[in-house]
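So the chains spell out like this:
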Amino acid sequence: VGPKLFQYVLKVFLQSVQLLYTLLRIEQPSYILLQNPPGLPSMAVARLAALCRGSTLIVDWHNYGYSVLGLRHGRSHPLVLLARWYEKLFGRLSDYNLCVTDAMRRDLWVNFRIKAVTLYDRPASHFKETPLDLQHSLYMKLAEDYEPFRPRYRSGARAGADRSAFTRRDGGRVLSPGDRPALLVSSTSWTEDEDFSVLLRALEGYERFVEEGAELPAVVCVITGKGPLKDYYNGLIQKLHFKHVQICTPWLEAEDYPLLLGSADLGVCLHKSSSGLDLPMKVVDMFGCCLPVCAIHFECLHELVRHNENGLIFRDSQELAEQLKMLFLDFPTPEGKLQRFRENLRASRQPRWEQSWEQTVLPLLGSRE
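All of these numbers come straight from a predicted model, not from anything done at the bench.

Rules used in this analysis
Residues numbered from 1 in each chain as written. Predicted model: local features only at pLDDT ≥ 70, side-chain atom pairs only at ≥ 80, totals over all residues. Heavy atoms only, no water. Helix = DSSP H or I, 4+ residues; strand = E, 2+ residues; numbered from the N terminus. Rg over C-alpha atoms; globule rule 2.2 N^0.38 Å. Buried < 20%, exposed > 50% of the residue type's maximum accessible area, 1.4 Å probe, protein only. Contact = heavy atoms within 4.5 Å. Areas by Shrake-Rupley, 256 points an atom, 1.4 Å probe, with all protein chains shown as cover. Lys, Arg positive; Asp, Glu negative; His and termini not counted. Charge placed at Lys NZ, Arg CZ, Asp CG, Glu CD. Domains from an automatic or database assignment. Buried area = accessible area lost by both parts, 1.4 Å probe. Salt bridge = Lys/Arg side-chain N within 4 Å of Asp/Glu carboxyl O. Polar contact = N/O pair within 3.5 Å; in protein donor to acceptor, adjacent residues only side chain to side chain. Pairing = 2+ DSSP bridges. Axes fitted to C-alpha atoms, helices over the stretch in contact; angles between N-to-C directions. Core = buried A, V, L, I, M, F, W, Y, C linked by side-chain atoms within 4.5 Å.

A.B. asks: Describe the overall build of the chain, and please don't skip the residues or the numbers.
C.D. replies: Counting its secondary structure elements, the chain contains 13 helices and 12 strands. For a compact globule of 369 residues, the expected C-alpha radius of gyration is about 21 Å, and the chain comes in at 23 Å, within 12% of that figure. If one aligns the C-alpha atoms of the chain with their principal axes, the spans along those axes are about 75 × 45 × 35 Å. Burial analysis of the chain (369 residues in total) assigns 48% to the buried set. The contacts in the chain between residues at least 6 apart in sequence include a share of 70% that link residues at least 24 apart. Surface accessibility of the chain: about 19,000 Å² in total, with carbon and sulfur atoms responsible for 54%. Computed over 44 positive and 43 negative side-chain charges, the inter-centroid distance for the chain is 4 Å.

A.B. asks: Account for the domain arrangement of the chain, naming residues and giving values.
C.D. replies: Domain annotation for the chain reports domain 1 (24-119 + 354-366) and domain 2 (132-152 + 161-348). Taken residue by residue, the interface counts 14 residues in domain 1 and 10 residues in domain 2. Here domain 1 packs against domain 2, burying approximately 920 Å² in sum over the two surfaces, 56% of which is carbon and sulfur. Per-residue buried area on domain 1 facing domain 2 is highest for Asn63, Leu71 and Thr101; these three make up 42% of the total on that side. Scanning the region where domain 1 abuts domain 2 turns up zero salt bridges. Counting every contact that joins domain 1 to domain 2 gives seven residue pairs in polar contact (both at pLDDT 80 or more).

A.B. asks: Which residues make up the sheet that holds strand β10 (residues 266-269), and what values do they have?
C.D. replies: Spatial ordering of the open sheet is given by β9-β8-β7-β10-β11-β12, a layout of six strands whose pairing is parallel. Strands at the two margins of the open sheet, each flanked by one partner only, are β9 (245-248) and β12 (311-314). For this sheet the average axis-to-axis angle between neighbouring strands, irrespective of direction, equals 20°. By the bridge criterion, two bridges tie strand β7 (residues 182-187) to β10 in an arrangement that is parallel. Paired with Leu184 across the bridge in β10 is Leu266. Contacts from helix α7 (residues 197-211) reach β7, β8 (219-224), β9, β10 and β12, with the element oriented near 160° to β9. Sitting on the sheet, helix α10 (residues 281-288) is in contact with β7, β10 and β11 (293-296), with an inclination near 170° to β10.

A.B. asks: So what's going on with the pattern of salt bridges? Which residues, and what values?
C.D. replies: All chains considered together, the criterion is met by 13 salt bridges. For the salt bridge of Glu194 with Lys282, the shortest nitrogen-to-oxygen distance reads 2.2 Å. Residue Glu194 is located in the loop between β7 and α7, and its partner Lys282 is located in helix α10; the two are separated by 88 residues in the primary sequence. On the accessibility criterion, Glu194 (3% relative accessible area) is buried. Here Arg346 and Glu343 are joined by a salt bridge, their closest N and O atoms 2.7 Å apart. In this pair, Arg346 and Glu343 are both assigned in helix α12 (residues 337-348), three residues apart and thus about one turn of the helix distant. The exposure class of Glu343 is partly exposed, given its relative accessible area of 37%. Connected via shared salt-bridge partners are Glu129, Arg342, Glu343 and Arg346.

A.B. asks: Please set out the environment of Gln135 residue by residue, giving values where relevant.
C.D. replies: Mapped onto the elements, Gln135 comes out in helix α6 (residues 132-143). Not counting chain neighbours up to four residues away, the residues in contact with Gln135 comprise Thr130, Gly262 and Ser263. Within polar-contact distance, the side chain of Gln135 engages the backbone oxygen of Thr130 at 2.9 Å.

A.B. asks: Go over the nonpolar core, please, and point to the residues and values.
C.D. replies: It is characteristic of soluble globular proteins that their nonpolar side chains tend to be buried jointly. Within the largest apolar cluster, 62 residues are counted, with the highest numbers of intra-cluster contacts made by Trp61, Leu108 and Leu183. In terms of residues, this core owes the most to one element, helix α2 (residues 42-53), which gives five residues. For Leu108, the contacting residues outside a window of four places in its chain are Trp61, Tyr64, Cys99, Arg113, Ile114 and Ala116. Counting residues in each nonpolar core, the second largest holds 35 residues, with Val198, Leu200, Val268 and Leu338 among its members.

A.B. asks: Explain the environment of Leu260 residue by residue, including any values.
C.D. replies: Here Leu260 lies in helix α9 (residues 256-261). Along the backbone, Leu260 and Val222 are 38 residues apart, and their C-alpha atoms lie at a distance of 9.4 Å. Ignoring any residue separated from it by four or fewer positions in sequence, one finds Leu260 in contact with Leu138, Leu183, Val185, Val222, Thr224 and Leu252.

A.B. asks: Explain unusual backbone geometry residue by residue, including any values.
C.D. replies: Here the amide bond leading from Leu40 into Pro41 is cis, since omega sits at 10°, within 30 degrees of zero. Note that Pro41 resides in the loop between β1 (31-36) and α2. Of note, the bond from Phe331 into Pro332 is cis; its omega dihedral lies within 30 degrees of zero at 0°. Looking at the element boundaries, Pro332 is found in the loop between α11 (317-328) and α12. Of note, the phi angle at Arg113 is positive, near 55°, even though the residue is not glycine. Positionally, Arg113 belongs in the loop between α5 (102-112) and β4 (117-118). Residue classification places Arg113 among the partly exposed residues on the basis of a relative accessible area of 47%. Even without a glycine there, the phi angle at Asp330 is positive, about 60°. Mapped onto the fold, Asp330 is located in the loop between α11 and α12. Note on Asp330: relative accessible area 53%, which makes it exposed.

Encoded structure:
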């Protein structure tokens, strides 16, 4: 109840009390590791708790909270300027700082005089390519609730109980028919920093290519996640009338998400960093599954997506539509760029999260002992 500002101040106060109470009650930690954002009120509370308990405070910068706030209020809003000052102050009061890109490391030093170590996000070990039999089980499970995963029967085609849109079981073997649709996957928290109308317009362009005679497969586009703008975009999706493209927006169980990424043919990322300095974790997970990606351009994306090597970078819906057309020509033959990108990802053998942590962070902590 009451004005929005009052509600916000009250929420911050109650969170501060709850968080401080928890940090002072638990067994004394040697280190307090804090991800930012969100940093309000946790940066100040964690600093206070670290002082009270003799702990080392490490801030892990994944973005700037003030830049996220600026998406809603504008960069010059007093609340945004206050948030920037707050992050600068308490970032400098931390004992160590980690960040997710070299671009952010440089920015922290130039603008905040904060010295940070780059710790790139890496996929967890369970993000990997999905064997065909597990793909089939996943498709059959999703087909119970989502029409695009159900088989399409043409005249003369034999119906079967153990068949999905992408696979069928023949005796003891799982097969992937050559005329199956392409599986396009994206994930989102449905917030302002991802404009999914770009993908929808690109799919409209793809539909036109097929109607004009291009030999392209049907596409199933799966957009996973939940968030405040999901209903808005679902409304836009319902107004589309495609013949060759199907879209669904499921909320997946945690164990099914890596299986879906490991089964897909192409990932799409529409994350545009509010600061231009962080990298999308969804692409990190996709690369862990050797899934090629088309990603929308922003300042430091090249630190993760290497254009024409492990994926493609686009700037608008028209360019994305052209990329989808190019990648899905002659699908699903083993030749072509899509397969070459996948082979490059397999060959790159990026370290997993545990290895990256041991190589970068543990030496840092050891120097404190």
